Amino acid sequence: MQKKTGVATFLIRYNIFLMLALLVVASTLLSDVFLTPQNLWNLLRQLVPLALVSIGMLLVILTGGIDLSVGALAAIGAMVIAMLLPYLPDQAAVGLLTGIVAAIAAGALLGAVTGVLVSVFRMAPFIASLAMMTVARGIAFMMSNGQPVRFPRDTGAADLMRAFGSSAVPGIGMPWPVLVALVFVVLFVTLMAQSKFGRLAIATGSNEVAVRLAGIPVARYKFLVYVIAGGLSALAGVVATARTAVGTANTGFGLELDAIAACVIGGALLSGGKGSVVNTMIGVLILGLIGNIMNLLSVPAYPQQIIKGVIIVFAVLLQNVSGEAKRT
Amino acid sequence: MHLSMLQIDKAFGGVAALQGASIEAFGGEVHGLMGENGAGKSTLMKVLAGAYRRDSGEIHLDGKPADITSPHDAIAKGISVIYQEFSLAGHLSVAENVLIEELGKPGVRVQWADMVRRTRTLLADMGFEDIDPMQPAGELPVAYQQVVEICKALSRESTILVFDEPTAVLTHHESEKLFRLIRMLRERGVCILYISHRLEEIFTLCDRVTVLKDGQTVGSWPIDAIDQKSLVRHMIGRELSDLFPRRDAVIGDALLEVDGLNAGPMVRDISFSVRAGEVLGVSGLVGAGRTETMRAIFGADPVQFGRIRLAGREIVNGSPGQAVANGIGMLPEDRKHQGVLLDLPIRVNAMMTPANPFISALGFIRNREEIAAVEEIARGLRLKSAGIDISAGTLSGGNQQKVAIMKWIAAKCRVLIFDEPTRGVDVGAKIEIYRVMNELAEAGAAVIMVSSDMLEVIGMSDRVIVMRQGQIAGELQKHQISEEAIIDLAMGTEA
């Protein structure tokens, strides 16, 4: 075994954090507005839907699957909450909560369908979730004949929803959606590291045959991750709607690809068994920062896509290099 | 033809597979190459075949130094290897497989008529006129696929031919046919290197034998200058009796009884029982249905009919989870792919059980208690590792096998099925695994050991059942167990 110097090991192990730091420094130097609380909170607020979806995507990827339907399920969440708002009970908080739970349930239900296809019918996750992606998007469009659904003016729930999307936690200036994302990050970090579910989901992706031969009901865990991914995606759709105060069936278009990118930048293996929630969140931040700094520098949209693609490739190459280094 | 490989070294990531291995063989002889699993036989042959580059050492062909740089180069120099896993393209015809190199030559049109004619000549030459050159190779029986491989080597006019355990997949009759073919090749002056674990074969077929141990050559003898006992001693580096630790188990009542089990074509009407404290050896040729039988008992494959009783009570193992709940654990034959989660920590591996007692009602792990329990199991097994949080893949083969056993100890299994438990581990690790099996038996467990290693079946078993073509061919009590008796049952050669 080759001994590396401490610095090299450090650089390799924490390369993703260093990349984030590098991007922050570069952004600060390139733009005066970057390092202002307003820009930063705004950036984080925009990233909340991607963060939620990426957590779900990571769980699926950890079991060795993939879920292409997360973006479409976000649209389902957005449409369900927007269309329910006028009918929710008068009490603002209770009403809104009912609506959000209904939206999450809708997402989880559709996720469960994908989960059954994958775990019971042994369908390839790519195919099952591809089918769910088009079905869910179709349902989202049919719900309002493709028309955007504006929040009603006069209900308590709608007002609370708008406030949730635009205001911040008093005192620290943190937008409410960011707090929600933070809660879920902490929840899933704990779940993956400390619970039976997390351990067995990762083990399933690491070597499904061995886990099955250990007597573990593998199908249960393969099913559950799609349910969770579906629920989180719908919640992401709710959050996205709160920001714009209008529900559209276009919500989350292409979000699945950004979520996969975030997981991969964060070092997750698409074959399963390896990946972490924290690193995936760093991946989300890196993706967000790239977009943010280019916007601040007024880089036009088309070249932005090219630059983003190139950066993803480099991030993953770097992950491969560090992966090799850790193995030998 | 005169081949000599001198002082060959080869290491993989710092682990030496060969350290100064040498072999010398001549045209017109069948040269046996023997050694334990992991002794370096296959590595040495892969160096010869150009699949691996040697780190140091010399290879001479007919006295001239030869640097074999790639498999292609080896073929050009007249060296061909018949591997255990055939390298045939199953959907292509026999003729295309035999002459596959010619398909890569320039030109657009495939000369079908010519290819078929030449293949037919080659096959007829070997006495296998009945193989149709146009038949897809994958449709042939295994023995004939091997013939196609040999034919492929002959089409290249190979002067050195390596066989890597060729009879492992053959029936008795097919083996006889193969031996005739090998003798014919010897008459033609081909140099044949023959790897095998079967002592009998080596003594009937080979002219000389070279023994490898721990990557080094122990020695080389004309076959009539050595006997079976000393050959084994050279292979394992100690007396055979030292390989198997003593067991002081009290054999009790029947713990697991299998009655008329049927599960597909490879598991037909299987009935046997194992007692508490007993080690039951399960022998037979590769493909005799041993693994399939164990998988069916463990609930990994569906059972058509048949009954399983545990301590007299009838049980149903519809899934591995149910089998474990009933107290039956199985170590699969393919340790790296089925037995251990290589990328995950030892602790996770040890607690990979359907019912982990250290999970709270909310589904969270009670770390302190779990760590203590896993460490205790690791101590009991004398697991050598730098802690229980390192990944299982960093351990040696023997210790990985111990990690695979840990979960069944944690699950308090009373019946343990070991499928090829010592495949690919060195002698020291073997003894450790035998010791673990002994301790399990001494603690009152019933141990079933499926093994292709004749020495270990004879050395470890209280009783042996032999399988042939999906059925039990016979049962041998302790005093009846011998290599001849097992092979007779396994191959179906009537007395």
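Everything numeric here is computed off the predicted structure, so don't read it as measured data.

## Brief notes about the environment of A:Ala240
At step 1: Here A:Ala240 shows up in helix H11 (residues 218-244).
At step 2: For A:Ala240 and A:Ser206, which are 34 residues apart along the polypeptide, the C-alpha to C-alpha distance reads 34 Å.

## Details of the sheet that holds strand S13 (residues 279-284) of chain B
Residue and element names in this part refer to chain B.
At step 1: With respect to topology, 6 strands assemble into an open sheet ordered S16-S17-S18-S13-S19-S20, the strand pairing being mixed. Looking at the sheet topology across the chains shown, the edges are occupied by strand S16 (328-331) and strand S20 (471-477). Direction aside, neighbouring strands of the sheet carry axes that sit 20° apart on average.
At step 2: Relative to strand S17 (residues 415-419), S16 runs parallel, the two being bridged by 4 bridges. Considered in S17, the bridge of leucine 331 is made with phenylalanine 418.
At step 3: The strands touched by helix H16 (residues 427-442) are S13, S17 and strand S18 (446-450); relative to S18, the strand with the most contacts, the crossing angle is about 150°.

## Overview of unusual backbone geometry
At step 1: One non-glycine residue, A:Asn145, lies in the positive phi region at around 55°.
At step 2: For B:Arg382, which is not glycine, the phi dihedral falls at a positive 50°.
At step 3: Relative to the elements of secondary structure, B:Arg382 occurs in the loop between helix H14 (367-380) and helix H15 (397-410).
At step 4: For B:Arg382, a count of 12 C-beta atoms within 10 Å translates into the label exposed.

## Structural notes on the sheet that holds strand S1 (residues 2-12) of chain B
Sheet strands line up and pair through hydrogen bonds in the backbone, either parallel or antiparallel.
Residues and elements named next belong to chain B.
At step 1: Read across the open sheet, the 4 strands follow the order S2-S1-S4-S5; overall the sheet is antiparallel. Two strands lie at the open edges of the sheet, namely strand S2 (15-26) and strand S5 (64-65), each paired on one side alone.
At step 2: As paired strands, S1 and strand S4 (residues 56-61) are joined by 5 bridges and run antiparallel to one another. Its bridge partner lying in S4, serine 4 is registered against histidine 60.
At step 3: With respect to the sheet, helix H1 (residues 41-48) is in contact with S1 and S2, its orientation differing from that of S1 by roughly 115°.

## Some details on helix H7 (residues 156-166) of chain A
All names here are of chain A.
At step 1: Along H7, the positions that sit buried rather than exposed are Ala157, Ala158, Met161 and Gly165. Taken around the axis of H7, the buried residues stretch over an arc of 100°, which confines them to a single face.
At step 2: Contacts from the buried residues of H7 go to helix H5 (92-119), helix H8 (176-194) and H11.

## Topic: the UniProt feature "transmembrane region" (unreviewed entry) in chain A
All names here are of chain A.
At step 1: Sites flagged by UniProt as "transmembrane region" (unreviewed entry) map to residues 12-31, 43-63, 70-88, 94-118, 125-143, 174-193, 223-246 and 277-299.
At step 2: The distance separating the terminal C-alpha atoms of residues 43-63 is 30 Å; by composition the span is 95% helix and 0% strand.
At step 3: Measuring from the first to the last C-alpha atom of residues 223-246 gives 32 Å, for a span that is 92% helix and 4% strand.

## Considerations on the nonpolar core
At step 1: Counting 185 residues, the largest nonpolar core has A:Ile76, B:Met437 and B:Val447 as its most contacted members.
At step 2: It is H11(A) that provides the largest number of residues to this core, a total of 16 residues.
At step 3: In this structure, B:Met437 is in contact with B:Val279, B:Phe418, B:Val447, B:Met449 and B:Met460, ignoring residues within four places of it in sequence.
At step 4: Formed by 56 residues, the second largest nonpolar core is a distinct cluster that contains B:Leu3, B:Ala17, B:Val81 and B:Ile195.

## Regarding helix H6 (residues 125-143) of chain A
Residues and elements named next belong to chain A.
At step 1: End to end, H6 covers 26 Å across 19 residues, agreeing with the expected 27 Å (1.5 Å per residue, within 8%).
At step 2: Burial in H6 covers these residues: Pro125, Ala128, Ser129, Met132, Ala136, Arg137 and Ala140. Angularly, the buried residues of H6 cover 160° about the axis, an arc narrow enough to put them on a single face. Turned more than 90 degrees away from the buried face of H6 sit Thr134, Gly138 and Met142, all of them exposed.
At step 3: Structurally, H6 contributes buried residues whose contacts are with helix H4 (70-84) and H5.
At step 4: Trailing H6 by a residue or two, asparagine 145 shows a phi angle of about 55°, which is positive.

## Considerations on the interface of chain B and chain A
At step 1: Taken together, the 26 residues of chain B in the interface contact 21 residues of chain A.
At step 2: In terms of residue count, the dominant contributor to the side of chain B that touches chain A is helix H11 (residues 320-325) of chain B (4 residues).

## What to know about the domain arrangement of chain B
Residue and element names in this part refer to chain B.
At step 1: With domains assigned, chain B is organised as domain 1 (2-239) and domain 2 (243-491).
At step 2: On a C-alpha basis, the centroid separation for the pair domain 1 and domain 2 is 34 Å.
At step 3: The interface of domain 1 with domain 2 comprises 12 residues on the first partner and 11 residues on the second.
At step 4: In terms of residue class, the side of domain 1 that touches domain 2 is built from 4 nonpolar, 5 polar and 3 charged.

Reading the values: rules and limits
- Residues numbered from 1 in each chain as written.
- Chains lettered and ligands numbered in written order.
- Predicted model: local features only at pLDDT ≥ 70, side-chain atom pairs only at ≥ 80, totals over all residues.
- Helix = DSSP H or I, 4+ residues; strand = E, 2+ residues; numbered from the N terminus.
- Pairing = 2+ DSSP bridges.
- Axes fitted to C-alpha atoms, helices over the stretch in contact; angles between N-to-C directions.
- Contact = placed C-beta atoms within 7 Å.
- Buried ≥ 20, exposed ≤ 12 C-beta atoms within 10 Å, placed from the backbone.
- Arc of directions from axis to C-beta.
- UniProt positions renumbered as here; feature names shortened; annotations may be inferred.
- Core = buried A, V, L, I, M, F, W, Y, C linked by C-beta atoms within 7 Å.
- Expected span 1.5 Å × (residues − 1).
- Domains from an automatic or database assignment.
- Nonpolar A, V, L, I, M, F, W, Y, C, P; charged D, E, K, R; others polar.

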